[in-house]
Amino acid sequence: YSDETNNAIQNTWQTIHYERDTIYERLGYAPDGKRDHWFWGSASGANGVNTTAFIMPFNTFEDWYLDSIYNKVKLRVNLQGITFNSTHSVQVTVNGKLLDSLIWLDQTNATFERNITIPDFSIYPANSLQFSTYGYSPNGDEVRINWVEFDYYKNHKAKENNLYFQSSPGMLGPELFS
């Protein structure tokens, strides 16, 4: 490479996964047994009223690389319907601003995936996601939040004259860099 060309990789796509197993559900009406039975939080509603919202605080992203090209964070959330014979509708807000909604049926799971674009949404040092449902189905609406993931561009930079690399879980040894 010539001295005038900078081909260094300055950032890479990073995934942060949040999951806690605090609520156990038998899921007796689920279509099969191939599912997680442990969940992190709940959202519920009935007759057009949100009765329980799940709020997840999160901090800004470590060494977040943000410019006009990389101006987004991808959000993924895995949700599980609890009420049977029900249409689930969950609204997702970021720092109080509606990102979008997800609609699905019965005691099945669904994954919400959207981009949080900057400057449409502001990300601060301390932030929150909120999951709400208003229970417009006759049986109301009860859902569980299983896990949350964020994908973002992480900037590579030295700290105290060292460059630190973190591998994906399960990937160890020199074959990582071949």
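Basis of the calculations
Residues numbered from 1 in each chain as written. Predicted model: local features only at pLDDT ≥ 70, side-chain atom pairs only at ≥ 80, totals over all residues. Heavy atoms only, no water. Helix = DSSP H or I, 4+ residues; strand = E, 2+ residues; numbered from the N terminus. Buried < 20%, exposed > 50% of the residue type's maximum accessible area, 1.4 Å probe, protein only. Contact = heavy atoms within 4.5 Å. Areas by Shrake-Rupley, 256 points an atom, 1.4 Å probe, with all protein chains shown as cover. Polar contact = N/O pair within 3.5 Å; in protein donor to acceptor, adjacent residues only side chain to side chain. Pairing = 2+ DSSP bridges. Salt bridge = Lys/Arg side-chain N within 4 Å of Asp/Glu carboxyl O.

**Student:** It is not clear to me how the overall build of the protein chain should be interpreted in this structure. Could you clarify?
**Tutor:** Helix and strand counts for the protein chain stand at 0 helices and 12 strands. Reading the secondary structure of the protein chain in the N-to-C direction produces β-β-β-β-β-β-β-β-β-β-β-β. Taking all 178 residues of the protein chain together, 37% fall into the buried category. Of the contacts made within the protein chain by residues no fewer than 6 positions apart, 72% connect residues no fewer than 24 positions apart. Summing over all exposed atoms, the protein chain offers an accessible surface of approximately 10,900 Å²; the carbon and sulfur share of this is 49%.

**Student:** Can you help me understand the side chain of Glu-149 in this one?
**Tutor:** Its location among the elements puts Glu-149 in strand β12 (residues 141-155). Note on Glu-149: relative accessible area 14%, which makes it buried. Within the local environment of Glu-149, its side chain forms a polar contact with the side chain of His-17, the two groups lying 2.9 Å apart. Glu-149 has contacts with Thr-15, Ile-16, His-17, Lys-74, Leu-75 and Arg-76, leaving out every residue within four places of it along the chain.

**Student:** Is there a simple way to think about the environment of His-88 in this case?
**Tutor:** Mapped onto the secondary structure, His-88 falls in strand β8 (residues 87-94). For the pair His-88 and Gly-140, spaced 52 residues apart in sequence, the C-alpha separation works out to 8.8 Å. One polar contact links the side chain of His-88 to the main-chain carbonyl oxygen of Thr-83, over a distance of 3.4 Å.

**Student:** Would you mind going over the pairing of β8 with me for this structure?
**Tutor:** Sheet faces and side chains relate simply in a regular strand, where the side chains alternate between the two faces. Where β8 and strand β9 (residues 97-105) come together, 8 bridges link them in antiparallel fashion. The partner of His-88 across the bridge, within β9, is Trp-104. Here β8 hands over to β9 after 2 residues, with Asn-95 in that stretch at a positive phi of 50°. When β8 meets strand β11 (residues 126-132), the two strands line up antiparallel, connected through 4 bridges. Along β11, the bridge assignment pairs Val-94 with Leu-129.

**Student:** Would you mind showing me how to read unusual backbone geometry here?
**Tutor:** In terms of backbone geometry, most residues other than glycine have negative phi values and most peptide bonds are trans. In this structure, the amide linkage connecting Ile-118 to the following residue, Pro-119, adopts the cis form with an omega of 15°. Structurally, Pro-119 is set in the loop between β10 (109-117) and β11. In this structure, Asp-63 is a non-glycine residue whose phi angle is positive, near 50°. In this structure, Asp-63 sits in the loop between β6 (54-59) and β7 (72-81). Backbone geometry at Asn-95 places phi at a positive 50°, although glycine is not the residue there. Its place among the elements puts Asn-95 in the loop between β8 and β9.

**Student:** Teacher, can you tell me more about the pattern of salt bridges here?
**Tutor:** A side chain with one charge may pair with a side chain of the opposite charge, provided their charged atoms come close. Counted by the stated rule, this structure contains 7 salt bridges. With a closest N to O distance of 2.6 Å, Glu-25 and Arg-144 form a salt bridge. Residue Glu-25 is found in the loop between β2 (23-24) and β3 (38-39), and its partner Arg-144 is found in strand β12; the two are separated by 119 residues along the sequence. A relative accessible area of 9% places Arg-144 in the buried class. With a closest N to O distance of 3.7 Å, Lys-154 and Glu-62 form a salt bridge. Of this pair, Lys-154 sits in strand β12 while Glu-62 is found in the loop between β6 and β7, placing the two residues 92 residues apart along the sequence. Exposure remark for Lys-154: the relative accessible area of 15% places this residue in the buried category. Take Glu-62: its relative accessible area is 44%, and that puts it in the partly exposed class.

Keep in mind these values describe shape, not function.
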